[in-house]
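Residue-level structure breakdown
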Amino acid sequence: MIEVKLTNQAAQNIKQGYPLIMKDALVDSKQLKKEGTLFKIVDSSNNYLATAYYGIQNKGIGWVLSRNKKETIDASFFKEKITQALKKRENFYQNPETTAFRIFNSEGDGIGGVTIDYYAGYYLIDWYSEGIYAYRKDIYHVLETAQNYQGIYEKKRFDKQGKYIEQDDFVMGERAEFPLIIKENGMNYAVNLNDGAMTGIFLDQRNVRGLIRNKYAHKKLVLNTFSYTGAFSVAALYGGAKKTINVDLAKRSKVMTEEQFKVNELDYEAQEIRVMDVFNYFRYAKRHELEFDIVILDPPSFARSKKFTFSTAKDYPELISDTIAITKQNGVIVASTNNASFGMKKFKQLIDQGFKQSNVQYKILEEEYLPEDFKTNKNYPESNYLKVVFLEKL
Ligand code: SAH
């Protein structure tokens, strides 16, 4: 196996547990040629630090797989890691009320660059680099023996040119019939594992949906912005919300949201589903003096529409102050972000800035992070990307 020397700073980081090898970490960047290659990391005195694989992904060029010089990285290595991860989700498999959850969360489960979700018998793998994709057969093989296995689907996230976009994401086993209906705490969600990058539900928001349903929604008028398929609204209606208003720019969000209501036998005609820019909706709502009891904000980290570009790090304060203007007094704002580049502290500062701009007082009601099945890596803070704050407008 080749040995690759790291710069002193990078070696220091790896020694302290950081699992990602950054782009500028190598002393000689030409040493690694083919993605998937395994290599030993050494410091400037040639001391062994870790064994890693080469895979290009955003800021990184590879992930540490082992810190044991003698450990071999082969089929049984992958089997062991995935088996351990499956064991940690044993209680999820036992619960008939929730049939979709994450069974492998990349660096949180010991192998960066790949996540695996379970959707009612079907396993969906997200590959984040060509390097980890090189080990696909070892991983398929373990999943074939996993509980309730019916089939495997996959997304090649490393394909930035869109080469695979039109392709079939089905890998092996039995094909699912779409929409596939999964359950989350007894609610139904329609998902599709073979239609673009997103499946119809974001599993990492399970606990937030639970809170909205159980603690906040009763008899409330709920504005769900960046609503996608309306997953938060389904939860709100189960919790007894008076009505939901769903706003998303994507044309298909309308039929997909109607579908989520229908598969739960909720009255979809009584809900509002608007295909429009959230920022235009804010203006519209203000002009018509609309006010809501609950406003949910779950924007993408970056988005570009015809008129606006939105980046959470820059524009969240503005989003908050726009929201304040259409939230009732003592109403609740659910502010969410999945931007991995900053933590909760910075997020709260952005929120605070928004309230200050509007000259309005507020109270933090509660905070949410990733659920149990989305295991994080304490040496890699970016893995704890989800931050949600429930706020009361005073
Ligand atoms: N809250 C959703 C997930 C949101 S994903 C859920 O829980 O399922 C982000 C969504 O924001 C996408 O559906 C995208 O179409 C939408 N979006 C991005 N920019 C937008 C804008 N300016 N106005 C309205 N929707 C937007």
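Structure: above.
Let me sum up the structure you'll find in this document. (Residues numbered from 1 in each chain as written. Predicted model: local features only at pLDDT ≥ 70, side-chain atom pairs only at ≥ 80, totals over all residues. Heavy atoms only, no water.)

In terms of regular secondary structure, the protein is built from eleven helices and 21 strands. Since a compact globule built from 394 residues should have a radius of gyration of about 21 Å, the 22 Å found for the protein is in line with a globular shape. With the principal axes as the frame, the protein shows a C-alpha extent of 65 × 50 × 35 Å. Sequence separation of at least 24 residues holds for 61% of the intrachain contacts in the protein that already meet a minimum separation of 6. (Helix = DSSP H or I, 4+ residues; strand = E, 2+ residues; numbered from the N terminus. Rg over C-alpha atoms; globule rule 2.2 N^0.38 Å. Contact = heavy atoms within 4.5 Å.)

Now for the site of the ligand. Close to the ligand lie 14 residues; Phe226, Asp248, Leu249, Val278 and Asp298 are nearest. Here Leu249 contributes a backbone N or O atom positioned 3.1 Å from a nitrogen atom of the ligand. Within the side chain of Asp298, an N or O atom sits 2.8 Å from a nitrogen atom of the ligand. Notes on the ligand: free accessible area 590 Å², of which the protein chains cover 90%. Class assignment of the residues belonging to the shell around the ligand gives a composition of ten nonpolar, one polar and three charged. (Near = heavy atom within 4 Å. Polar contact = N/O pair within 3.5 Å; in protein donor to acceptor, adjacent residues only side chain to side chain. Areas by Shrake-Rupley, 256 points an atom, 1.4 Å probe, with all protein chains shown as cover. Nonpolar A, V, L, I, M, F, W, Y, C, P; charged D, E, K, R; others polar.)

Inspection of the secondary structure assignment puts Ser321 in helix H10 (residues 312–324). Here Ser321 falls in the buried class, since its relative accessible area comes to 13%. Leaving out residues up to four positions away in the same chain, Ser321 has contacts with Gly354, Gln357 and Ser358. (Buried < 20%, exposed > 50% of the residue type's maximum accessible area, 1.4 Å probe, protein only.)

Tyr119, Ile182, Tyr189, Leu193, Ile212, Val334 and Phe390 are the most contacted members of the largest nonpolar core, which has 41 residues in total. Every element with two or more residues in this core is listed here: strand S8 (122–127), strand S11 (180–184), strand S12 (187–191), helix H6 (206–216), helix H7 (231–238), strand S16 (292–297), strand S19 (327–337) and strand S21 (387–393). The element that contributes the greatest number of residues to this core is H7, accounting for six residues. Once you skip the residues sitting within four places of it in the chain, Ile212 turns out to touch Ala217, Phe232, Ala236, Ile296 and Phe390. Listed in part, the 35 residues of the second largest apolar core include Tyr18, Leu20, Leu65 and Val142. (Core = buried A, V, L, I, M, F, W, Y, C linked by side-chain atoms within 4.5 Å.)

Our next topic: the sheet that holds strand S6 (residues 100–105). Ordered by their spatial adjacency, five strands build an open sheet running S6-S7-S8-S9-S10, and the pairing between neighbours is mixed. Edge positions in the sheet fall to S6 and strand S10 (170–173), since each of these pairs with one other strand and no more. Adjacent strand axes in the sheet meet at a mean angle of 20°, parallel and antiparallel pairs treated alike. Examined bridge by bridge, strand S9 (residues 151–156) and S10 share three bridges and lie antiparallel to one another. Its bridge partner being in S10, Gly151 is matched across the sheet by Gly173. (Pairing = 2+ DSSP bridges. Axes fitted to C-alpha atoms, helices over the stretch in contact; angles between N-to-C directions.)

Evaluation of the coordinates by the stated rule reveals 21 salt bridges. Note that Lys59 is salt-bridged to Glu382, the shortest N-O span being 3.2 Å. With a gap of 323 residues between them, Lys59 in the loop between strand S4 (48–57) and strand S5 (60–66) and Glu382 in the loop between strand S20 (362–368) and S21 connect regions that are remote in the sequence. Overall, Lys59 belongs to the partly exposed group, its relative accessible area being 42%. Residue class for Glu382 comes out buried when judged on its relative accessible area of 19%. A salt bridge links Lys375 to Glu372; the shortest N-O distance between them is 3.3 Å. (Salt bridge = Lys/Arg side-chain N within 4 Å of Asp/Glu carboxyl O.)

Turning our attention to a positive patch on the surface. Judged by side-chain charge, Lys251, Arg283, Lys306 and Lys307 come together as a positively charged surface patch. When you line up the elements, Lys251 lands in the loop between strand S14 (243–248) and helix H8 (253–262). (Patch = residues over 30% accessible without salt bridge, like charges linked within 9 Å, V, L, I, M, F, W, Y side chains within 5 Å. Lys, Arg positive; Asp, Glu negative; His and termini not counted. Charge placed at Lys NZ, Arg CZ, Asp CG, Glu CD.)

What follows deals with the packing of aromatic side chains. Per the stated rule, a full pass over the model turns up 25 aromatic pairs. Taking the centre distance of 5.6 Å and the plane angle of 40° together, the rings of Tyr281 and Tyr284 count as tilted. Here the residue Tyr281 and the residue Tyr284 both occupy positions in helix H9 (residues 278–287), the gap between them amounting to three residues, near one helical turn. Looking at Tyr281, the relative accessible area reads 2%, which means it is buried. By relative accessible area, Tyr284 is classed as partly exposed at 23%. An aromatic cluster of at least three residues, connected via ring pairs, comprises Phe92, Tyr93, Phe101, Tyr118 and Tyr123. Directly above the ring of Tyr189 sits Arg209, whose terminal nitrogen or CZ lies 5.6 Å from the centroid. One cation-aromatic arrangement involves Lys387 over Phe342; the distance from NZ or CZ to the ring centre is 5.2 Å. (Phe/Tyr/Trp six-rings, centres within 6.5 Å; stacked < 30°, edge-to-face > 60°. Lys NZ or Arg CZ within 6 Å of the ring centre and 35° of its normal.)

Our next topic: the sheet that holds strand S15 (residues 272–275). Spatially, the seven strands line up as an open sheet ordered S15-S14-S13-S16-S19-S21-S20, and their pairing is mixed. At either margin of the open sheet sits one strand with a lone partner, and together these are S15 and S20. Taking each pair of neighbouring strands and ignoring which way they run, the sheet shows an average axis angle of 15°. The pairing of S19 with S21 spans six bridges and is antiparallel. In the strand pairing of S21, Ala335 is matched with Val389. This element, H6, spans S16, S19, S20 and S21 of the sheet and lies at about 130° to S20. Each of S19, S20 and S21 touches helix H11 (residues 344–358); the most contacted strand, S21, lies at about 30° to it.

Along S12, five of the five residues are buried, which leaves the element largely enclosed by surrounding structure. Here S12 shows no split at all, with Met187, Tyr189 and Val191 on one side and Asn188 and Ala190 on the other all buried. Where S11 hands over to S12, the hairpin turn is made up of two residues, of which Asn185 adopts a positive phi near 45°.

Read these as spatial facts, not as claims about activity.
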